[in-house]
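# Understanding the architecture of this molecule
Letter by letter, the chains look like this.
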Amino acid sequence: MLRALFGLILLGFIGYGAFAFLWGVPAVADRPTATDAATIEEGRYLAAAADCVSCHTSDGGSNYTGGRPFDTPFGRLYSPNITPDAGTGISGMTSAEFYQIMAYGADSVLAPLYPAMPYTSFHLATRDDSDAIHAYIMSLDPVVAEKVPNELRFPFNIRPLMFGWNLLFANRGAFVPDPSRDDVWNRGAYLVTGLAHCGECHTPRNALGAMEPDAPLAGAVVGTFEAPSLTPQALADRGWSRDHLVLYFETGASPEGSAFGEMFLAVKNSLSLLTHDDRVAIATYLMDGSADAPSHGEATVAALGDSAHPNAAGQALYLSNCSLCHGPDGAGIANTMPALLGNATLAQSDGINLVQVMAQGVEGDHLNQTTGYGPMPAFRDRLTVSEFVDLSNYVREAFASNAASLPPLTEAEVAAILDK
Ligand code: HEC
Ligand code: HEC
Ligand code: HEC
């Protein structure tokens, strides 16, 4: 049965692959690569908005030299060196080939890229923006860095089959502004759906790894963490306001909590480097015009410190394991420990990020010398599953802004999260 299904998929892909071979990669006119300082600066800014560096840099490697691994359901892939090195980088790539990669995910019919390179979002970038990024990338110092070979399983290791995938799932359309919205909203839409590719993590994917077009930004699991839903309703339900989003994008922290893991990288290498106006545009688009959704963190139980809570086991665990840093009342310590009272991570109903943060801890996340948080210890080996359950339910009941609408987590749910 499984074999037949696999065969069918394979045949389908080969058929589509053949079709796409004829369909090909649209021709694009070449334009000279700009070398003036203003265009290069513009390209540097747009490359930050697109966060090229987070993906094209390995742990401890130098910027843009690639080698970062990406685990997909089809195997492991490594990003390439995109410095203009003649042997191992992209020195010969013209602005036309570069735009074909950004817009169509391929600069020749024989070598389509895998969608780990987010051309599935970048196709919305304008040709001018692509050219500016190209000019910036070509102005970088060339660095020798060999490509780490991919480890994809058959048949996914056959590149031309990606044309079949592209035909099924990749959109080649350009960004179309919505004339009924103002410039700020449209700028936000251009960034969120295009260059800043927020949906690549925050939009759920289908079985073949494509973003679900009908559920934009509805939330998805990325590795062991969840990139939670960013729909206006979900953001408001978790207590976000537009201003707090802007603050979070700038500093990685806000009254609704701090950015960690993949999201910290996005803040550090991208969102914090944007102009205030662009951060406002992104937040405006996400909140869909409702600028001042109530931030209702304050509305929950105030000082809990000494008063008894019905979840006595959870409260005792909290006081002995967490309150030293996050405060007995969940208020945190200004600029040092994030508050749990009103924290958006607690307001996510499936509890994935809460349980994973407790289990794995968090690395210290510093934007610079003065902004950011130190590390949080991992509790995976210090607490039993049932203690995780009591503790999770206690912090949700005591501190989540939407506590009344959160179902208690069961032992089976928590165990499943811990097993990931
Ligand atoms: C989410 C991760 C991610 C982001 C963001 C990203 N890339 Fe990539 N990129 C990749 C991966 C992975 C590949 C290799 C895909 C493959 O092997 O098929 C790649 C391939 C490429 C290639 C093809 C290189 C070659 O040798 O053919 C270029 C050029 C490129 N990226 C440029 C960029 C630029 C410029 C940006 C920012 C505008 C960017 N990428 C952002 C992951 C990313
Ligand atoms: C040694 C201090 C310390 C202890 C103990 C500690 N935490 Fe944390 N916690 C932190 C810091 C610092 C962060 C933010 C890390 C970052 O973003 O870089 C954090 C982040 C979190 C987050 C993610 C939300 C956010 O806004 O970042 C949750 C949830 C959390 N802690 C819950 C707990 C719970 C529950 C316990 C007890 C089991 C606990 N913490 C124990 C320091 C601590
Ligand atoms: C590489 C994956 C990735 C990308 C790209 C990404 N995010 Fe995230 N995001 C996450 C993960 C994982 C979390 C959960 C961790 C956390 O809360 O810090 C998160 C959390 C968030 C949160 C906090 C939600 C909450 O309620 O706690 C916001 C807001 C957010 N992302 C906005 C964005 C926006 C806007 C973009 C595009 C500019 C973006 N993200 C791009 C992975 C990503």
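Structural data are supplied above this passage.
As a starting point, this report considers the structure included with it. (Residues numbered from 1 in each chain as written. Chains lettered and ligands numbered in written order. Predicted model: local features only at pLDDT ≥ 70, side-chain atom pairs only at ≥ 80, totals over all residues. Heavy atoms only, no water.)

### Some remarks on the coordination of the iron atom of ligand 2
- With distances of 2.0 to 2.1 Å, the protein atoms coordinating the iron atom of ligand 2 are His-326 (NE2) and Met-376 (SD).
- Classification of the site at the iron atom of ligand 2 as octahedral follows from its six donor atoms and the range of 87 to 179 degrees in their angles at the metal. Linking His-326 in helix H15 (residues 323–326) with Met-376 in the loop between strand E9 (372–373) and helix H17 (385–399), this pair joins segments that are 50 residues apart in sequence.
- For His-326, a relative accessible area of 11% puts it in the buried group.
- Using a relative accessible area of 23% as the deciding quantity, one classes Met-376 as partly exposed. (Donors = N, O, S within 2.8 Å, 3.2 Å for Na, K, Ca; no water. Tetrahedral: all angles 85-135°; square planar, octahedral: opposite > 155°, others 65-115°. Helix = DSSP H or I, 4+ residues; strand = E, 2+ residues; numbered from the N terminus. Buried < 20%, exposed > 50% of the residue type's maximum accessible area, 1.4 Å probe, protein only.)

### Points about the site of ligand 2
- Inspection of the region around ligand 2 gives 26 residues, with Ser-258, Cys-322, Cys-325, His-326 and Met-376 positioned closest.
- The side chain of Ser-258 places a nitrogen or oxygen atom 2.5 Å from an oxygen atom of ligand 2.
- At 3.2 Å, a side-chain N or O of Asp-365 approaches an oxygen atom of ligand 2.
- For the shell around ligand 2, the secondary-structure elements that each account for two or more residues are strand E7 (257–258), H15 and helix H16 (352–360).
- Here the element with the most residues in the shell around ligand 2 is H16; it accounts for three residues.
- In terms of residue class, the shell around ligand 2 is made up of 17 nonpolar, seven polar and two charged.
- The two domains that each donate at least three residues to the shell around ligand 2 are domain 2 (183–201 + 227–287) and domain 3 (297–419). (Near = heavy atom within 4 Å. Polar contact = N/O pair within 3.5 Å; in protein donor to acceptor, adjacent residues only side chain to side chain. Nonpolar A, V, L, I, M, F, W, Y, C, P; charged D, E, K, R; others polar. Domains from an automatic or database assignment.)

### Details of the coordination of the iron atom of ligand 3
- Taken together, the protein ligands of the iron atom of ligand 3 are His-202 (NE2) and Met-263 (SD), with distances of 2.1 to 2.2 Å.
- Bound by six donor atoms, the iron atom of ligand 3 shows angles of 87 to 180 degrees at the metal and therefore octahedral coordination geometry. Remark: Met-263 occurs in helix H12 (residues 261–269) and His-202 occurs in helix H9 (residues 199–202); sequence separation between them is 61 residues.
- When its relative accessible area of 10% is taken as the criterion, His-202 is described as buried.

### Brief notes about the environment of Leu-191
- Along the polypeptide, Leu-191 turns up in helix H8 (residues 183–195).
- Each C-alpha atom of the pair Leu-191 and Ala-125 lies 8.5 Å from the other, and the pair is 66 residues apart in sequence.
- Setting aside residues up to four positions removed in sequence, Leu-191 forms contacts with Ala-49, Ala-196, His-197, Asp-278 and Ile-282. (Contact = heavy atoms within 4.5 Å.)

### Some thoughts on the packing of aromatic side chains
- Summed over all chains, the structure comprises 12 aromatic pairs.
- Here Tyr-99 and Tyr-104 contribute two aromatic rings whose centre-to-centre distance is 6.3 Å and whose plane-to-plane angle is 75 degrees, an arrangement assigned as edge-to-face. We note that Tyr-99, like Tyr-104, is buried.
- Among the aromatic residues, ring-to-ring pairing joins Trp-240, Tyr-248 and Phe-249 into one connected group.
- Here Arg-382 stacks its cationic end above the ring of Phe-379, 4.8 Å away from the centre of that ring. (Phe/Tyr/Trp six-rings, centres within 6.5 Å; stacked < 30°, edge-to-face > 60°. Lys NZ or Arg CZ within 6 Å of the ring centre and 35° of its normal.)

### A closer look at the site of ligand 1
- By nearness alone, 25 residues border ligand 1, and Cys-52, Cys-55, His-56, Met-117 and Arg-159 come closest of all.
- Taking His-56, its side chain carries an N or O atom lying 2.8 Å from a nitrogen atom of ligand 1.
- Measuring from an oxygen atom of ligand 1, one finds a backbone N or O atom of Tyr-114 at 2.8 Å.
- Of all the elements in the fold, those that place two or more residues in the shell around ligand 1 are helix H3 (52–55) and helix H4 (95–104).
- Among the elements that make up the shell around ligand 1, the one with the highest residue count is H4 (three residues).
- Tallied by class, residues from the shell around ligand 1 come to 19 nonpolar, four polar and two charged.

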